[in-house]
Amino acid sequence: MLLGASLVGALLFSKLVLKLPWTQVVFSLLFLYLGSGGWRFIRIFIKTIRRDVFGGMVLLKVKAKVRRYLRERRTVPILFASTVQRHPNKTALIFEGTDTHWTFRQLDDYSSSVANFLQARGLASGDVAALFMENRNEFVGLWLGMAKLGVEAALINTNLRRDALRHCLTTSRARALIFGSEMAPAVFEIHASLDPSVSLFCSGPWEPSLVPASTEHLDPLLENAPKHLPSCPDKGFTDKLFYIYTSGTTGLPKAAIVVHSRYYRMASLVYYGFRMRPDDIVYDCLPLYHSAGNIVGIGQCLLHGMTVVIRKKFSASRFWDDCIKYNCTIVQYIGELCRYLLNQPPREVENRHRVRMALGNGLRQSIWTEFSGRFNIPQVAEFYGATECNCSLGNFDSQVGACGFNSRILSFVYPIRLVRVNEDTMELIRGPDGVCLPCQPGEPGQLVGRIIQQDPLRRFDGYLNQGANNKKIAKDVFKKGDQAYLTGDVLVMDELGYLYFRDRTGDTFRWKGENVSTTEVEGTLSRLLDMADVAVYGVEVPGTEGRAGMAAVANPSGSCDLERFAQLLEKELPLYARPIFLRLMPELHKTGTFKLQKTELRKEGFDPAAVKDPLFYLDARKGRYLPLDREAYTRIQAGEEKL
């Protein structure tokens, strides 16, 4: 801004006061521009203009379609009807578990029978029905059928049990619960505490003695239901479609609201941004109760006519066999899935596939090149986003390690920003005017997105719990009086505008006066330990400032060579980033989207009286990990052991 004002001032002075000819004025301004560091802008412009123009065109295309659908009051079922009309007999879904193929017409008929059946049972537009089922074709047909009626589906995480499961059902105010027969034991556990007015329906193999007494078998009821399209509900593009629940790693799950326009936006930005094609076949082994599997994956089927192969659960040993069997061209990943694939012994079959794109988020930079190279995948389509966020990012040109970009030339086009925060507390740092301070390239900051409720691309739909909404919104972020969505994630931007994920809230700790990124340390440790699961976190030590690093390592064989490990760490990590404590466990618990759960690990700390797994501490003088017994623990607590 200052440089621009200086150039305008120089132009006016040269022309109006000195009355120089235009040629001299132009050369003077160019000299001033380059001398003021403007050459960097030229370099950035040359290196990023093609990327930025393509990203801008994608954004404009999606924005134009969103405005049109908003005006025409389109919904996901209406858009799906257009897809069915284009190719009714094309395969829409394939369930790997039973090799069941559904055409678009079959999916349309099944979902219409769901809508007509629920309508006959008294459900209407605005009601909620919960869906508690493992991945299969019926999962998609059920929530789509609900949407045709205007009923909002609450998609329940299949890992939830007892209090968490009961919480999700009661907070959604569901009038009906449809569950897969495989989930019957979990429903049995909470049945007595559910509202008696909630209707229960079971889909799948039927065994009356294994389900609550009031449960009805859904499958034959749907077979006898009419398959005509029900009357269109009074729903628009920004009305509720369904609810997706957070993983609940730090408390009870929260229900994020997904409206029709959000479903379209997330699926379409991925489709156009990564240059997908209608004849692509997607391999979707991610849980359908989350947005990656159900929106980014299934959305390509419903909105763009692609075939999607559904797998009940991810299997590292069967992954490439499935891709070959179904001629998949795109595979989805999330979290640590890519590392699990790399951890498999090399097989000849892993290079006989037709996969041209790996699509997902959470691929660590430390294994990015190895993953794409070993499995011969030309394009890694990494993106950043969350179900409820309004500031999604896409790495459209496969920049290694980046989760997306924002233009350095026209940054105002897409109103996102990295703002300075206290990395210990994640508190926003503000200037004298009370507005948040933007980060410079290379400076870590929290990603925020400006909220504009009238714009479907910028709106924040939030959670069912209004209290949870308040924690995700900040005021006076870009300018006075505005509002922005807080992602809670720390990213870093380079000089060209590429953004790199650094940490989630609470995943950074300070030790020896330095900020330690748990994500980076986990990546290094996992690589040194042959791709083992590793969770890194900070623990408090009496008499020391900050938190000492602790690593929980999955070591089922009990054969970890700690002496060699300590030697490798010395070469790979600075002293302050090396974990002081180690905990060797048979396995680490993960969420349904392969995120490591650290809350309980942090609470348990390094007390050998509370932790039954083998514990070790880093002896600073010897440079080795020694067993952490009661005696060593007492010395550490008393400050007698140098850490």
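Residues numbered from 1 in each chain as written. Predicted model: local features only at pLDDT ≥ 70, side-chain atom pairs only at ≥ 80, totals over all residues. Heavy atoms only, no water.

Convention followed: UniProt positions are given in the numbering used here, feature names are shortened, and annotations may be inferred rather than shown by experiment.
Under an unreviewed UniProt entry, the name given to the chain is long-chain-fatty-acid--CoA ligase, and the organism recorded is Pipistrellus nathusii. According to its UniProt record, the chain has this under Sequence similarities (unreviewed entry): "Belongs to the ATP-dependent AMP-binding enzyme family."

**What about the environment of Asp219?**
Note the cut-off: Runs of E in the DSSP output that reach at least two residues are strands. Runs of H or I that reach at least four are helices, and both are numbered from the N terminus. Throughout this description, buried means an accessible area under 20% of the type-specific maximum (1.4 Å probe, protein chains only), exposed means over 50%, and partly exposed covers the range between. Residues are treated as being in contact if the distance between any of their heavy atoms lies within 4.5 Å.
Looking at the element boundaries, Asp219 is found in helix 8 (residues 218–223). In this structure Asp219 comes out as partly exposed when scored by relative accessible area, which is 22%. For the pair Asp219 and Tyr340, spaced 121 residues apart in sequence, the C-alpha separation works out to 36 Å. In this structure, Asp219 is in contact with Cys202, Ser203 and Gly204, ignoring residues within four places of it in sequence.

**So, the packing of helix 3 (residues 76–86) against helix 5 (residues 137–149)**
We apply this condition: Note on method: axes are straight lines fitted to C-alpha atoms, helices fitted across the in-contact stretch only, with angles between N-to-C directions ranging 0 to 180 degrees. When an angle is under 35 degrees it counts as roughly parallel; over 145 it counts as roughly antiparallel; between 65 and 115 it counts as roughly perpendicular; any other value is oblique. Residue type decides the class: Asp, Glu, Lys and Arg count as charged, Ala, Val, Leu, Ile, Met, Phe, Trp, Tyr, Cys and Pro as nonpolar, and the leftover types, Gly among them, as polar.
Helix 5 packs onto helix 3 with a crossing angle of 115° between their chain directions and a minimal axis gap of 8 Å. On the basis of the axis angle, helix 3 is roughly perpendicular to helix 5. Contacts between helix 3 and helix 5 involve Val76, Pro77 and Phe80 from the former and Trp143, Leu144, Ala147 and Lys148 from the latter. Looking at the contact of helix 3 with helix 5, its residues break down into 6 nonpolar, no polar and 1 charged.

**Quick notes on the packing of helix 3 against helix 4 (residues 104–120)**
Just so we agree on the cut-off: Definitions for this section: a left-handed crossing has its near helix turned counterclockwise from the far helix by less than a right angle. A right-handed crossing has that turn clockwise.
At a minimum axis distance of 9 Å, the contact between helix 3 and helix 4 shows a crossing angle of 145°. Two packed elements cross with a definite hand, and for helix 3 against helix 4 that hand is left-handed. Across the interface between the two elements, Phe80, Thr83 and Val84 of helix 3 pack against Phe104, Arg105, Leu107 and Asp108 of helix 4. Considering only residue class, the contact of helix 3 with helix 4 consists of 4 nonpolar, 1 polar and 2 charged.

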